[in-house]
Amino acid sequence: MSLESAQTTAFTNGRSIELGAIPTLEFDGFEDAILDAVALGQRVAALFAAPSARPGGALLYVVLADDRENRLGVTRTKIDGDSFPSLTPQCPQVHMFEREIAEQFGSSPTGHPWLKPVRYHRSWTGRDAWQRPAHEAILAGVTDFYRVGGDEVHEVAVGPVHAGVIEPGHFRFQCHGEQVFHLEIALGYQHRGVEQAMAGGPHARSIHYAETVAGDTTIAHATAYCQIVEALARCQKTARAQTLRGVALELERLANHVGDLGALAGDVGFLPTASYCGRIRGDFLNMTALLCGSRFGRGMVRPGGVVFDVDDARVAELLRRLDAAERDTAVAVNLLWDTPSVMARFEDIGPLPRQVAMDLGMVGPAARASGLARDVRHDQPSGIFRFAHIPVSTYDAGDVFARAYIRWLEIQQSTAFIRDQLSAIPAGEVRVPVGPVAPNKLVVALNEGWRGEVCHVAITDAEGRFGRYKIVDPSFHNWTGLAYALRNQQISDFPVCNKSFNLSYCGHDL
Amino acid sequence: MLRLISARRQQGHRTTTYPDGPAPPLPDRFRGRPTIDVAKCADGCRECVQACPTGAVTLTDKMRIDLGKCLFCSDCADACRDHAITYTNEYALAARRREDLVIEQDEQVHDLAAALDAKLLGLFGRSLKLRQVSAGGCNACEADVNVLGTVGWDLGRFGIQFVASPRHADGLLITGPVTRNMELALKKTYEATAAPKIVIAVGACAISGGPYIDHEQTCNGAEALLPVDLYIPGCPPHPLTILDGLLRLLGRIEDGSRPAARSGA
Ligand code: SF4
Ligand code: SF4
């Protein structure tokens, strides 16, 4: 079933459409468009508010992903007052988006079962969804936490400052002995105002914001931003540039997946794989640095293509290092599956059933480990992935083991992809000039980052500036999956569960 | 068990001998300390100033680059038609004083971080326990601090260790621009650390706000709240830059300043 209907405008990843071509529906029609699409197996890639011409008013936009048809659909509605009916009770995957709209625009989704702040900041409109007095400071993590009552129930609170070298976040566990009844996660400590700062661009900082949405996902976010600019400027990248972007994206995936397998081993006290993978992760980061001088891919991807080309010698060196890292990774990772004490700590821990993953709108390896064949490279391909296909790896157990094993499958796929691509790079320039950005357009760019779908949406104003720039890091969808996976688990299994998702705080907090 | 032993043989010994041996090789495209050759700047067109995302390049009586704000993106160098700015391969960048991070045109000598004073060196020189606080930012700085703990770098051999509680720490290592939402947590963590204590700011964010400079959601770096004893610039700094800074602070690398770096490395 395709998305074509009077309610939505169909388009594809990385193509811009006229704002005027998007229907503005009554709220009921908007609601039906979302619920019908989700009933047909589509996903909500983004749901957000944008300022409307009328002071105090806002437009709600939804981007629906029809993965089977490799298409996107967009539609919108007006919200005038300070509330709108919540869709969360019928469509749980929008629950975070609705909380975000409430926080940013001060419009409350009426009937939302869980209406709490997302990032703990003042709204952009001066209207507050929680009627907090303007003179009182908003303190991160201060909210009404869900509590389980009863004599033998206790609460464990962790963070924002954690024991390790990691980002800040607050976790509240409702426990009965060792058993976790419920985990609630409060984030926002990393909130630094990225979306607001993107508005009014493109400007000198835009690409740097994109590169630092989540530092370990620099290539995926920078590529999404560049796809936005290129679509708006009708710029055709060369095949060579697209190939090099693809290589950089897969190197980013390799570094992070290998690092995660090492960290998972560390969390169950299996030091050989922990130490080997910790180092091999560095080998992959250093391959990215060989490409562009930065271990995190800073400075590699720019509108119009990539900044750094490769010659034969550099390709040969990359391939030599890829072979060595591939051998080391295989030895280090296969130790995990051969070690019963590791498997005992991975299997059946932190299960996320397929239906729950679907309801929550999970993306990336965490979705694939629960049996959902979702991968932007396959479902909504752009750039090199329209020509070179990477098989989608799935597993159905949904536990820590599945999330670990998916990474191992993807490591093998990405390694093969990079080898193929580097062995046959199309000739040509790596970067072409980019003209001015067109006014009154909407464009969506999706990319499969190593954690899952990276989604950027831009709406340009009459002057060709970003009137609204929406960023959805995969972690925004997936944090709730982690909370769910902890239900009825031992609290001591939290570290390994958490690492098996390894979500981004800064990508969520923006 | 046999597989474990054979894997151990296969993976080999990988810890760098630095600083006794040579530093691990940096990639040729690595962007380290910049140099400004003002003779090449013919007309003062200010393209570099305009290109810079963070206001790190200034051109008044002299041209200057503030490494505390610099993302090492080379947008300034790319904007300059005359190639007056060059990013070299020089990784040693850490300083004890904020003003030492500002590079001036034609500068020949750059003041690098000096060691702690004798009293603190006596206390921390052979054992420095740090509590890391991530306060905004993109997490790449934390990632490359963490890397120092891997077998390749083995930070533990210098007596430097990251500890789980500020109560066990001799100081804080801060990353990120210090978001408003982390202000309180950072203050509390600092207060919980026993005196005497030191503060290390790692990355453009923690030094100046970095890419988020002047955002109302941030404090423009750790200095707004706490006295900073060591600044390690970069976005993120290379692990070698971080290690170099830590070792200078502990008096393990002693040449306090070095000639301006070779250009065009
Ligand atoms: S390299 Fe540094 S000084 Fe130059 S433009 Fe980038 S941030 Fe500014
Ligand atoms: S200085 Fe750069 S790398 Fe470090 S946290 Fe800030 S944005 Fe990320």
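Residues numbered from 1 in each chain as written. Chains lettered and ligands numbered in written order. Predicted model: local features only at pLDDT ≥ 70, side-chain atom pairs only at ≥ 80, totals over all residues. Heavy atoms only, no water.

Draft legend 1. Expanded view of the overall build of chain A. The helix and strand tally for chain A stands at 16 helices and 16 strands. The C-alpha atoms of chain A give 22 Å as radius of gyration, which agrees with the globular expectation for 510 residues (24 Å, within 12%). Here the C-alpha coordinates of chain A stretch approximately 65 × 60 × 45 Å along the principal axes. Across the 510 residues that make up chain A, the buried fraction comes to 65%. Total accessible area on chain A is roughly 17000 Å²; 52% of this is exposed by carbon and sulfur atoms. The averaged location of the 58 negative side-chain charges in chain A is 5 Å from the averaged location of its 48 positive side-chain charges. (Helix = DSSP H or I, 4+ residues; strand = E, 2+ residues; numbered from the N terminus. Rg over C-alpha atoms; globule rule 2.2 N^0.38 Å. Buried < 20%, exposed > 50% of the residue type's maximum accessible area, 1.4 Å probe, protein only. Areas by Shrake-Rupley, 256 points an atom, 1.4 Å probe, with all protein chains shown as cover. Lys, Arg positive; Asp, Glu negative; His and termini not counted. Charge placed at Lys NZ, Arg CZ, Asp CG, Glu CD.)

Draft legend 2. Quick peek at the nonpolar core. Residue and element names in this part refer to chain A. Membership of the largest hydrophobic core comes to 116 residues, with the highest contact counts inside it found for F284, M300, W337 and F346. Per-element tally for this core: the top contributor is helix 6 (residues 239–267), with 11 residues. The contact partners of W337, leaving out residues within four places of it in the chain, are L261, M343, F346, F401, A404, Y405 and W408. Formed by 46 residues, the second largest nonpolar core is a distinct cluster that contains L25, F48, A65 and V376. (Core = buried A, V, L, I, M, F, W, Y, C linked by side-chain atoms within 4.5 Å. Contact = heavy atoms within 4.5 Å.)

Draft legend 3. Inspection of the sheet that holds strand 3 (residues 63–66) of chain B at higher detail. All names here are of chain B. Reading across the sheet, the three strands line up as 2-3-5 and stay open at both edges, with antiparallel pairing between neighbours. Two strands close off the open sheet at either side, each with one partner strand: strand 2 (57–59) and strand 5 (102–104). Here the strands of the sheet are splayed against their neighbours by 20° on average, with no regard to which way each runs. With three bridges joining them, strand 2 and strand 3 adopt antiparallel strand pairing. When the bridges of strand 3 are listed, T58 appears paired with R64. (Pairing = 2+ DSSP bridges. Axes fitted to C-alpha atoms, helices over the stretch in contact; angles between N-to-C directions.)

Draft legend 4. Representation of the side chain of Q104 of chain A within the structure. Following the sequence through the fold, Q104 of chain A ends up in helix 2 (residues 95–105). Residue contacts for Q104 of chain A: discarding those within four places in its chain leaves R119, H121, S123, W124, T125, E195 and R468 of chain A.

Draft legend 5. Quick look at the domain arrangement of chain A. Residue and element names in this part refer to chain A. Per the domain assignment, the segments making up chain A are domain 1 (4–110) and domain 2 (194–474). Relative to domain 2, the C-alpha centre of domain 1 lies at a distance of 27 Å. Domain 1 puts 31 residues into the contact, and the matching count from domain 2 is 31 residues. Roughly 2400 Å² is buried in total at the junction of domain 1 and domain 2, and carbon and sulfur atoms are behind 56% of that figure. Where domain 1 meets domain 2, there are three salt bridges. Here E18 makes a salt bridge to K441, at a shortest N to O gap of 3.0 Å. (Domains from an automatic or database assignment. Buried area = accessible area lost by both parts, 1.4 Å probe. Salt bridge = Lys/Arg side-chain N within 4 Å of Asp/Glu carboxyl O.)

Draft legend 6. Structural view of the site of ligand 2. In the vicinity of ligand 2, 13 residues are found, and the nearest of them are C138, C141, C205, C235 and P236 of chain B. Bordering ligand 2 are residues originating from chains A and B. Looking at the shell around ligand 2, the elements with two or more residues in it are helix 5 (140–146) and helix 7 (203–208) of chain B. The leading source of residues in the shell around ligand 2 is helix 7 of chain B, at three residues. (Near = heavy atom within 4 Å.)

Draft legend 7. A look at helix 2 of chain A. All names here are of chain A. For helix 2, a buried count of 11 out of 11 residues is recorded, marking the element as mostly surrounded by other parts of the structure. Every buried residue of helix 2 is accounted for by H95, M96, F97, E98, R99, E100, I101, A102, E103, Q104 and F105. Where helix 2 terminates, the next one or two residues include G106, which has phi positive at roughly 70°.

Draft legend 8. Main features of the site of ligand 1. Around ligand 1, a shell composed of 14 residues is seen, among which C52, C70, C73, C76 and Y87 of chain B lie nearest. Residues belonging to the shell around ligand 1 are distributed by class as follows: 11 nonpolar, two polar and one charged. (Nonpolar A, V, L, I, M, F, W, Y, C, P; charged D, E, K, R; others polar.)

Draft legend 9. Just the packing of aromatic side chains, in detail. This model, assessed by the stated rule, comprises 22 aromatic pairs over all chains. Ring geometry for Y225 of chain A and Y469 of chain A: centres 6.2 Å apart, planes at 45°, overall tilted. Of this pair, Y225 of chain A sits in helix 5 (residues 218–232) while Y469 of chain A sits in strand 16 (residues 466–472), placing them 244 residues apart in sequence. Members of the aromatic cluster, connected to one another through ring pairs, are F171, F173, W479, F494 and Y505 of chain A. Positioned over the ring face of W114 of chain A is K116 of chain A, at 4.4 Å from the centre of the ring. The cationic tip of K197 of chain B hangs over the ring face of Y190 of chain B; the distance from NZ or CZ to the ring centre is 4.2 Å. (Phe/Tyr/Trp six-rings, centres within 6.5 Å; stacked < 30°, edge-to-face > 60°. Lys NZ or Arg CZ within 6 Å of the ring centre and 35° of its normal.)

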